[in-house]
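Breakdown of the fold
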Amino acid sequence: FPSRCGVLNLHNFVFHLNPSRNDDWRASDGAILSPPVDDMERMFSTAYNYCTQNWCVQDSSESLFVYGTDESFENINKCDEPFSSELEDAVAEIVADSSVNPDLSNICQGNLVCLVDGLCGDIEDAQAALENEQSIIETQVEVKTSLFSPEEVEAEAQEPETIPESPEPSLAPSSTPSKSFEPTLTPSGHSSLSPSVSLTPSESSDNIPVTVPSPTDAPVAQPSTGKQSVTIPGSISTSVDICVLSQNVREQFSNAVVQAISGVLLSSFNNNSIVKIASVCGVGSGRRSLSSRNLQTQSWQIEYEVTQTFTCEVASCSSPADAARLSTIANQVSTSVNDSLTSGQFAVMLRANISPSSGINQTILDCLVVWGTISEARTEVDGPRTGVFYPDWQYQSGTCLEDGNEPLYMKKNDVWLFSSLEGCCSRFYSGWNFNKCMNVRGSGLWFVDHMNEKCVTDCKDENGGTCGGLANPLSDRLYSDPKSCCESELAYRFKDLCEAESLQSNCYAGTGKFYSGGVGGGEYCVRDCDPASGDSTCGGLVEESYVMLHDSAEACCRAEYQWIDVELCTVRSNQTRLEKYWPDKTNSKCYKDSENPTVDLSVQIFDTASECCKVGIFWLSENECLSASGVTPEVTAGSSKFYVDWERMKCVKDCEGAAPCGGFAHWWEYLYGSASACCVKLPQYDSVEECVFA
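Residues numbered from 1 in each chain as written. Predicted model: local features only at pLDDT ≥ 70, side-chain atom pairs only at ≥ 80, totals over all residues. Heavy atoms only, no water.

**Notes on the nonpolar core**
- In terms of nonpolar packing, the biggest core is built from 39 residues, with Phe346 and Leu350 touching the most fellow members.
- Those elements that provide at least two residues to this core are β1 (226–238), α10 (247–269), β2 (274–280), β4 (302–312), α11 (320–343), α12 (345–352) and β5 (370–374).
- If one sorts the elements of this core by residue count, α10 sits on top with 9 residues.
- Counting residues in hydrophobic clusters, the runner-up holds 25 residues, among them Ile107, Leu130, Phe428 and Tyr429. (Core = buried A, V, L, I, M, F, W, Y, C linked by side-chain atoms within 4.5 Å. Buried < 20%, exposed > 50% of the residue type's maximum accessible area, 1.4 Å probe, protein only. Helix = DSSP H or I, 4+ residues; strand = E, 2+ residues; numbered from the N terminus.)

Structure below.
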């Protein structure tokens, strides 16, 4: 024991070494004192006053300390200092209103040790406090197991905390009620002077024989059998947003869901399952008609209930065999539905039960994806529901409970209690924790799986399919659909492909729009689709969000390939033919692209061969270029003007044929309107007749 607690009567503590907590708080003379009723009393002013008033060393002669220089009992003794309530008040304020410090509240979930460390330190200290406390709890279990017999440990677990008896009769009721409300398991040693009042119904009354006189020689046993109904709630959503569809289509969809679930359970339950729709798009069938048009505002599109009835072994349906039968039914329903969702069988049966006249595009139905979850089973003889919800900070389940076991400090102050689960969750589990509070087995919302670069649903791992396990309430932001999750959490990925991969859809074929082929090493625009489809215009499915998509090949070419002739780029992108010409400057000729496609996409394109020759092969005459290109010249007479043929040293006429034609003039030849004008350039001749080629 720490020396700061003063001189202890170790005999008392050793003598009372046992697993019970009822005699832990004692005065220094060994008298048993009233134990604390809750964690607030264990940690703050009540605990401080207990320690200072009972165990603080007031007499210097009893001190075991050895004092150093400038130290003395008087300057170390602080027993008379009053308790400072600053920290206690700060903790109580957060406990009463989580919005005071929402980050700390979300981590600690009402754990006082965690709150103290978080207030005195930071968030990391609070998290460390929770981890340390769990380690202590595990150590306590080990210590109990090593110090006490199993019978003692079991007796302690069943033992209610009691208030020590006063040596004198009390004239007024105790101001500190017992923390435990469980009935005593062993009879009292003396008769009660007043009727016993139970605060909660006995959980085992059905199994105790009634001891009133029986007209027979022996007490009458309870009826040997009884009927029990088991209801297993479930939820599903699909890749089709049925909540924006018409009333008639939503009703058809709901009926198809009932038929699909019934079909899935047929092999296990032989038509004995009763499947009912609980809500569609957040509108419960019991609250109002499904006739109004509703947007999807909650996690699941359709919520349903599967009910099974079986004959119990005993009337109370509480025998081990009945419990096993209940568990088996719940597991069969859960396994059958989850397996069908994972394998795709559920989607196949759902499609088969949706009428072709529903108005839903058949292609959409063919690519339908379904995901869902199964909740805990409920029975007619489950524990009582009090209608009062309180935050579960003892077991940190992340939700509010309705079992009547709220701590005493909550019972004393109705700020902790709510008449609905939603109200309690809104108050104590706001923000990202709200959906988990409302749906312990998973909210059905989507969160990011960074490792696999997609989004998954918040649900138990055994639900398969799109399920990614339960979301972390501290780090995983939740979204109503995979597309919004992809947009926010995986912004670098192309959202349509990310959505398809998140839904595990095999039907995604791309958008069909055009993007720059340079992304994949191409030289023109390609379509967002899978080349495996056989379409030669496909360049692959776009995976990254930075890729710009265009509605047409022409729009893509104008935006992405401005240095290429738009028409040439467009026909290459669409894989069509271009009936126009391009100049081959290396071989001084023009080609028709449909017959000899150009490899160099930067070349200039011309409507006619003549225009191609004039502009593209300008160092040849048009007719020479056309002839070289294998195109019959449109004009065969030439200009009929004259030019100097320097090889002949004669003036010749610009035409093909017999003299004086010297062939078509090259582009660099100067043409003269008459022979005499041309012959001026050849003064060695005495007459025009001698100068002209004959």
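**Quick word on empty space enclosed by the protein**
- Overall, the coordinates contain 3 cavities of 30 Å³ or more when judged by the stated rule.
- The calculated volume of the largest cavity comes to roughly 60 Å³. (1 Å grid on protein atoms, 1.4 Å probe; cavity = no way out; pocket = protein on both sides within 12 Å on 5 of 7 lines; lining within 4 Å. Points joined across faces, edges and corners; volume = space filled by probe spheres on them.)

**A short note on the pairing of strand β9 (residues 446–449)**
- Pairing of β9 with strand β10 (residues 454–457) involves 4 bridges; the strand directions are antiparallel. Directly across from Asp449, in β10, lies its bridge partner Lys454. (Pairing = 2+ DSSP bridges.)

**Comments concerning the environment of Glu402**
- Tracing the backbone through its elements, the reader meets Glu402 in the loop between β8 (400–401) and α14 (408–412).
- Its relative accessible area of 17% is what places Glu402 among the buried residues.
- Along the sequence, Glu402 and Thr386 sit 16 residues apart, while their C-alpha atoms lie 6.0 Å from each other.

**Concerning the packing of helix α17 (residues 482–489) against helix α18 (residues 495–502)**
- Look at α17 against α18: their axes get within 9 Å of each other, and the N-to-C directions meet at 125°. Taken together, the axes of α17 and α18 lie oblique to each other. Note that α17 runs across α18; the crossing there is right-handed. Contacts between α17 and α18 involve Pro482, Lys483, Cys486 and Glu487 from the first element and Lys495, Asp496, Cys498, Glu499 and Ser502 from the second.
- Classifying every residue of the contact of α17 with α18 gives 3 nonpolar, 1 polar and 5 charged. (Axes fitted to C-alpha atoms, helices over the stretch in contact; angles between N-to-C directions. Parallel < 35°, antiparallel > 145°, perpendicular 65-115°, else oblique. Left-handed = near helix turned anticlockwise from the far one by under 90°. Contact = heavy atoms within 4.5 Å. Nonpolar A, V, L, I, M, F, W, Y, C, P; charged D, E, K, R; others polar.)

**A closer look at the packing of helix α19 (residues 553–560) against helix α20 (residues 566–574)**
- One can describe the packing of α19 onto α20 by two numbers: an axis separation of 9 Å at closest approach and a directional angle of 130°. The angle between the axes of α19 and α20 places the two elements in the oblique class. For the crossing formed where α19 meets α20, the hand is right-handed. Contacts between α19 and α20 involve Ala553, Glu554, Cys557 and Arg558 from the former and Val566, Cys569, Thr570, Ser573 and Asn574 from the latter.
- Partitioned by chemical class, the residues of the contact of α19 with α20 number 4 nonpolar, 3 polar and 2 charged.

**Quick word on the packing of aromatic side chains**
- Tallying each qualifying case throughout the model produces 12 aromatic pairs.
- Plain terms: the ring middles of Trp393 and Trp416 are 5.5 Å apart, the flat faces sit at 85° to each other, and that makes the pair edge-to-face. In this pair, Trp393 sits in the loop between β7 (390–391) and β8 while Trp416 sits in the loop between α14 and α15 (421–428), placing the two residues 23 residues apart along the sequence. In this pair, the class of Trp393 matches that of Trp416, namely buried.
- Both rings, one in Tyr561 and one in Trp563, keep their centres 5.4 Å apart while their planes meet at 65°; by these two values the pair is edge-to-face.
- Geometry around Phe693 places Arg648 over its ring, the cationic atom sitting 4.4 Å from the centre. (Phe/Tyr/Trp six-rings, centres within 6.5 Å; stacked < 30°, edge-to-face > 60°. Lys NZ or Arg CZ within 6 Å of the ring centre and 35° of its normal.)

**Remarks on the pattern of salt bridges**
- Summed over all chains, the structure comprises 16 salt bridges.
- In this structure, Lys495 and Glu487 form a salt bridge, with 3.2 Å as the shortest nitrogen-oxygen distance.
- Measuring nitrogen to oxygen at the nearest pair gives 2.5 Å for the salt bridge that ties Asp645 to Arg648.
- Taken together, the shared-partner salt bridges connect Lys483, Asp496 and Glu499 into one network. (Salt bridge = Lys/Arg side-chain N within 4 Å of Asp/Glu carboxyl O.)

**Considerations on unusual backbone geometry**
- Following Ala659, the chain continues into Pro660 via a peptide bond in cis, with omega recorded as 15°.
- The residue Pro660 is located in the loop between β16 (650–653) and α23 (675–679) in this model.
- Although it is not a glycine, Ser588 sits at a positive phi angle of roughly 55°.
- Counting through the fold element by element, Ser588 comes out in the loop between β13 (581–584) and β14 (589–592).
- For Ser588, a relative accessible area of 17% gives the class buried.

**Section: a negative patch on the surface**
- Residues Asp117, Asp122, Glu124 and Asp125 make up a contiguous surface patch of negative charge.
- The topology assignment puts Asp125 in helix α8 (residues 123–147). (Patch = residues over 30% accessible without salt bridge, like charges linked within 9 Å, V, L, I, M, F, W, Y side chains within 5 Å. Areas by Shrake-Rupley, 256 points an atom, 1.4 Å probe, with all protein chains shown as cover. Lys, Arg positive; Asp, Glu negative; His and termini not counted. Charge placed at Lys NZ, Arg CZ, Asp CG, Glu CD.)

**So, a nonpolar patch on the surface**
- A cluster of nonpolar side chains, Phe618, Trp667 and Trp668, forms an exposed patch at the surface whose accessible area comes to about 380 Å².
- Of note, Trp668 is situated in the loop between β16 and α23.

**Concerning the confidence of the model for the protein chain**
- For the protein chain, per-residue confidence averages 77 on the pLDDT scale, and residues scoring 70 or more make up 78% of the total.
- Predicted confidence is poor over residues 1–16, with pLDDT under 50, and the contacts of this stretch with residues over four places away or in other chains come to 19 contacts.
- Contacts of residues 286–297 to residues separated by more than four positions or lying in other chains number 27 contacts, the stretch itself having pLDDT below 50. (pLDDT = per-residue confidence, 0-100.)

**Some words on the state of the cysteines**
- Counted by the stated rule, this structure contains 15 disulfides.
- The disulfide partner of Cys651 is Cys678, and the S-S distance across this bridge is 2.1 Å. Handedness of the Cys651-Cys678 disulfide follows from its S-S torsion of about -95°: it is left-handed. Placement of Cys651 in strand β16 and of Cys678 in helix α23 is noted, with a sequence separation of 27 residues between them.
- According to the relative accessible area criterion, Cys651 is buried, its value standing at 0%. (Disulfide = S-S within 2.5 Å.)

**Here's the deal with α15**
- Those residues of α15 not exposed but buried are Cys424, Cys425 and Phe428. Buried residues in α15, looked at end-on, bunch into an arc of 95°, giving them a common side.
- Considering only its buried residues, α15 is in contact with α5 (86–96), β7, β8 and α16 (433–438). (Arc of directions from axis to C-beta.)

**Observations regarding α17**
- Along α17, the residues classified as buried are Pro482, Ser484, Cys485 and Cys486.
- Buried residues in α17 make contact with β9, β10 and α18.
- N-cap assignment for α17: the residue whose side-chain oxygen lies 3.2 Å from the backbone N of Lys483 is Asp481. (Polar contact = N/O pair within 3.5 Å; in protein donor to acceptor, adjacent residues only side chain to side chain.)

**Brief notes about the environment of Thr576**
- Along the chain, Thr576 turns up in the loop between α20 and β13.
- A C-alpha to C-alpha distance of 8.9 Å links Thr576 and Ser594, two positions 18 residues apart in sequence.

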